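# Coordinates in review
Residue-level listing of the chains:
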Amino acid sequence: MFRQASRLLARTAASRRSRAFSSDVPATPAQDSNFIESWTKVIPNLDPPKTPSSFMTPRPATPSSIPSKLTVNFVLPYASELSGKEVDMVIVPATTGQMGVLPGHVPTIAELKPGILSVHEGNDVTKYFLSSGFALIHANSVADIIAIEAVPVDRLDPALVQKGLADFTQKLSSASTDLEKAEAQIGVDVHSAMNSAITDDHQMTEISEDT
């Protein structure tokens, strides 16, 4: 039984190694020759329709060696905060814990929870508070960070955060339905994370000023 299990694991590992990562797939859009041929036969006077891949810009090639910088794209539904920004490291608030990403990081997709995104560039550190989202780390040392809402930590109002936390805590204690409890719990979680972000940022500022 153990021999069979070891052979199965070996075959699984081999298949995973042979499977290309998305960033290893050729960046040039692939055309379906069978579809184009069929389209031309049926409607020769019209050009075949374009697919989404036709409008995508080629992705950077995967480097043969680990680059010195991590390229970061940080986008929101209504704005692009960072586009092709080369940095030393980012730390994202993954649901599994704070995750540091350096150049050469293993390809990963991480769900993000309310917390701090830290962008490290030399001695400068820029911090954003994220509500939720995803981080996609590619094999070519490119990190795409997508958030629903984000704001620089230094723009958070401590008084408003404390008020929001108190309001949602009150709503949670008085909630009578599952929907009301879920909505109130989300509010408590987000405002608690914002409160922690403000506290940690103030502590780090005091430490840097003392040194």
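To start, this report covers the structure provided alongside it. As the structure is a computational prediction, the values presented were derived from the model and not from experiment. (Residues numbered from 1 in each chain as written. Predicted model: local features only at pLDDT ≥ 70, side-chain atom pairs only at ≥ 80, totals over all residues. Heavy atoms only, no water.)

## Considerations on the side chain of His 120
Within the element layout of this structure, His 120 appears in strand β6 (residues 115–121). Under the relative-accessibility criterion, His 120 is labelled buried at 19%. Those residues in contact with His 120, other than ones at most four positions away along the chain, are Val 87, Asp 88, Met 89, Ile 91 and Val 125. (Helix = DSSP H or I, 4+ residues; strand = E, 2+ residues; numbered from the N terminus. Buried < 20%, exposed > 50% of the residue type's maximum accessible area, 1.4 Å probe, protein only. Contact = heavy atoms within 4.5 Å.)

## Examining unusual backbone geometry
Of note, the phi angle at Ser 141 is positive, near 60 degrees, even though the residue is not glycine. Within the secondary structure, Ser 141 sits in the loop between β8 (133–137) and β9 (142–147). The buried category is assigned to Ser 141, whose relative accessible area is 2%.

## Looking at helix α3 (residues 158–174)
An ideal rise of 1.5 Å per residue puts 24 Å on 17 residues; α3 measures up with 25 Å between its terminal C-alpha atoms. When α3 is considered as a whole, its buried residues turn out to be Val 161, Gly 164 and Leu 165. The arc that holds every buried residue of α3, seen down its axis, measures 100 degrees, which confines them to one face. Those residues of α3 that are exposed and aimed more than 90 degrees away from the buried face are Ala 159, Leu 160, Lys 163, Gln 170 and Ser 173. Of the residues flanking the start of α3, the one acting as N-cap is Asp 157, its side-chain oxygen 2.9 Å from the backbone nitrogen of Ala 159. (Expected span 1.5 Å × (residues − 1). Arc of directions from axis to C-beta. Polar contact = N/O pair within 3.5 Å; in protein donor to acceptor, adjacent residues only side chain to side chain.)

No statement about biological role is implied by the geometric values presented.
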